[in-house]
Amino acid sequence: MTAQPANLSGLDLRAEIDRLRKDRNAVILAHYYQKPEIQDLADFVGDSLELSRKAAATGADVIAFCGVKFMAETAKILSPEKIVVLPDMDAGCSLEDSCPPEKFRAFREAHPDHIALTYINCSTEVKALSDVIVTSSSAETILAQIPPEQKIIFGPDRHLGGYLNRKFGREMLLWPGVCIVHEAFSETELLKLMAQHPGAPVAAHPECPPTIVDHADYVGSTSGILQFARTFPGDTLIVATEPHIIHQMQLALPEKTFIGAPGADGNCNCNICPYMALNTLEKLYVALRDLTPRVEIDETLRLDAKKSLDAMLAMASGTIGHGDLGARK
């Protein structure tokens with residue numbers, strides 16, 4: 001559990017965070033799904049693995065990862081010598097929760113002729129049980145290198161795995177996990193929005209269910225969606241992923257209009273990640289001040305997990321942060 005910050009009224013949090021960033025020799029990372037005020041003060045904003053790699057390349061002593069737990073753990077795997085803090089240790093992930101390590105181990109043992117391609121949204125323990133980690137930007141490049149006859153387990157996101165199965169004509173065995181944010185999008189509400197904005201393309205994250213992805217003009221990672229936003233020829237884009245990514249789009253392209261795809265209730269409220277929302281400026285300040293809560297990983301486990309990350313980087317390092325799933329149509 002993460003303790004709630006004491007009364008910090010009267011503090012200039014932005015100034016104090018900047019002071020602590022210098023005093024601690026810290027780098028602040030913010031995922032695209034963080035609140036705008038956190039994105040705006042971060043040293044780097046990006047996808048989860050892209051952020052961890054950037055932090056590893058710095059001379060920082062401390063990494064403050066404004067994201068969710070598996071992301072901070074990935075940063076620690078790649079930078080074991082650095083202190084890694086997460087503003088709220090309760091910031092988890094529904095995909096990680098859907099795939100307990102002991103059940104994943106049993107699943108693997110039941111299918112010994114399968115290799116495990118595992119989405120990075122999983123625990124360190126599950127990474128250690130996997131052969132190759134994939135991201136939404138590297139999955140296609142990696143899968144293309146695996147012979148068609150090789151049997152594959154893909155987890156924990158069945159929607160990303162199903163999208164890849166359909167696109168490649170594969171029959172990967174899918175773990176039944178989903179992202180609660182992307183699962184919340186409504187096809188009916190999306191069709192209404194498309195009718196209100198005829199001709200506006202739809203960009204969707206592959207964690208969305210097929211009923212959303214099938215209407216998308218572009219399917220890709222958060223970084224890929226941002227790149228599509230920069231290059232599509234129109235002036236309005238419908239975005240089917242966590243809506244805080246639109247902040248970066250508006251900063252980069254103020255002349256364009258970006259509309260978040262609605263959830264089943266007809267608005268975007270249910271599509272805000274509740275885990276990402278746990279991080280606040282107050283908690284970030286306390287984490288930098290006290291250097292807690294810290295992410296700690298047993299060294300043997302870290303090295304086992306790093307093998308699957310290294311396998312990914314060997315197969316597709318150039319795709320990280322670029323969203324290579326690309327245009328669907």
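Residues numbered from 1 in each chain as written. Predicted model: local features only at pLDDT ≥ 70, side-chain atom pairs only at ≥ 80, totals over all residues. Heavy atoms only, no water.

Once that is clear, we can look at empty space enclosed by the protein. Summed over all chains, the structure comprises 1 cavity of 30 Å³ or more. Of the volumes computed, that of the largest cavity is approximately 330 Å³. Listed by contribution, the elements that provide at least two residues to the lining of the largest cavity are α3 (48-56), α4 (69-78) and α10 (180-183). Examining the composition of the lining of the largest cavity, we find that 3 residues originate from one element, α10, more than from any other. Here the lining of the largest cavity is composed, by residue class, of 15 nonpolar, 13 polar and 3 charged. (1 Å grid on protein atoms, 1.4 Å probe; cavity = no way out; pocket = protein on both sides within 12 Å on 5 of 7 lines; lining within 4 Å. Points joined across faces, edges and corners; volume = space filled by probe spheres on them. Helix = DSSP H or I, 4+ residues; strand = E, 2+ residues; numbered from the N terminus. Nonpolar A, V, L, I, M, F, W, Y, C, P; charged D, E, K, R; others polar.)

On the basis of which strands lie adjacent, the open sheet formed by 4 strands has the order β10-β9-β11-β12 and parallel pairing. Pairing within the sheet leaves two strands with one partner each, and these edge strands are β10 (218-219) and β12 (257-260). Summarising the sheet, strand β11 (residues 236-240) and β12 pair through 4 bridges and their orientation is parallel. Paired with I238 across the bridge in β12 is I259. (Pairing = 2+ DSSP bridges.)

The contact between α4 and helix α16 (residues 299-316) brings their axes to 10 Å, and the two run at 95 degrees. With respect to their mutual orientation, α4 and α16 come out roughly perpendicular. Across the interface between the two elements, T74, K76, I77 and L78 from α4 touch R302, A305, K306 and L309 from α16. (Axes fitted to C-alpha atoms, helices over the stretch in contact; angles between N-to-C directions. Parallel < 35°, antiparallel > 145°, perpendicular 65-115°, else oblique. Contact = heavy atoms within 4.5 Å.)

Quick look at unusual backbone geometry now. Cis peptide bonds are those with omega within 30 degrees of zero, and the linkage from G155 to P156 qualifies with -5 degrees. As for its placement among the helices and strands, P156 is situated in the loop between β7 (151-155) and α9 (158-168). Put simply, T292 and P293 share a cis peptide bond, and its omega is 0 degrees. In the Ramachandran plot, N25 falls in the positive-phi region, its phi being about 50 degrees despite a non-glycine side chain. Examined against the element boundaries, N25 turns out to sit in the loop between α1 (13-23) and β1 (26-31).

Turning our attention to the packing of α1 against helix α15 (residues 281-290). Orientation of α1 relative to α15, taken along the N-to-C sense of each, is 30 degrees, at an axis distance of 10 Å. Classed by the angle they form, the pair α1 and α15 counts as roughly parallel. Helix-helix and strand crossings are classified by hand; for α1 and α15 the assignment is left-handed. Here L13, E16, I17 and L20 of α1 lie close against α15, whose contacting residues are L281, E282, L284, Y285, L288 and R289. A per-class count over the contact of α1 with α15 returns 7 nonpolar, no polar and 3 charged. (Left-handed = near helix turned anticlockwise from the far one by under 90°.)

Taken as a whole, this structure holds 4 aromatic pairs when the rule is applied. Arranged with centres 5.8 Å apart and planes meeting at 65 degrees, the rings of F104 and W175 form a pair that is edge-to-face. You can see F104 sitting in helix α6 (residues 101-110) and its partner W175 sitting in the loop between β8 (173-174) and α10, a full 71 residues away along the chain. A residue is classified by how much of its surface remains accessible, and W175, at 9% relative accessible area, is buried. Between F107 and W175 the ring centres are 5.3 Å apart and the planes differ by 85 degrees, which places this aromatic pair in the edge-to-face class. Here F107 is found in helix α6, whereas its partner W175 is found in the loop between β8 and α10, with 68 residues between them in sequence. (Phe/Tyr/Trp six-rings, centres within 6.5 Å; stacked < 30°, edge-to-face > 60°. Buried < 20%, exposed > 50% of the residue type's maximum accessible area, 1.4 Å probe, protein only.)

Okay, the pairing of strand β3 (residues 62-66) next. By the criterion of burial, β3 is predominantly enclosed, with 5 of the 5 residues buried. The alternating pattern of β3 places V62, A64 and C66 and I63 and F65 on opposite faces, both of which are buried. The pairing of β1 with β3 spans 5 bridges and is classified as parallel. Counted as the bridge partner of V27 is I63 from β3. Where β3 lies against strand β4 (residues 83-85), 3 bridges are found, and the strand directions are parallel. Its bridge partner lying in β4, A64 is registered against V85. Remark: the β3/α4/β4 crossover connection has right-handed handedness. (Right-handed = clockwise from strand over helix to strand, strands pointing away.)

This part covers the environment of M71. Secondary-structure assignment places M71 in helix α4. Accessibility expressed as a relative area gives 4% for M71, which makes it buried. A C-alpha to C-alpha distance of 12 Å links M71 and K127, two positions 56 residues apart in sequence. Excluding residues within four positions of it along the chain, M71 makes contact with H31, S48, S52, F65 and M276.

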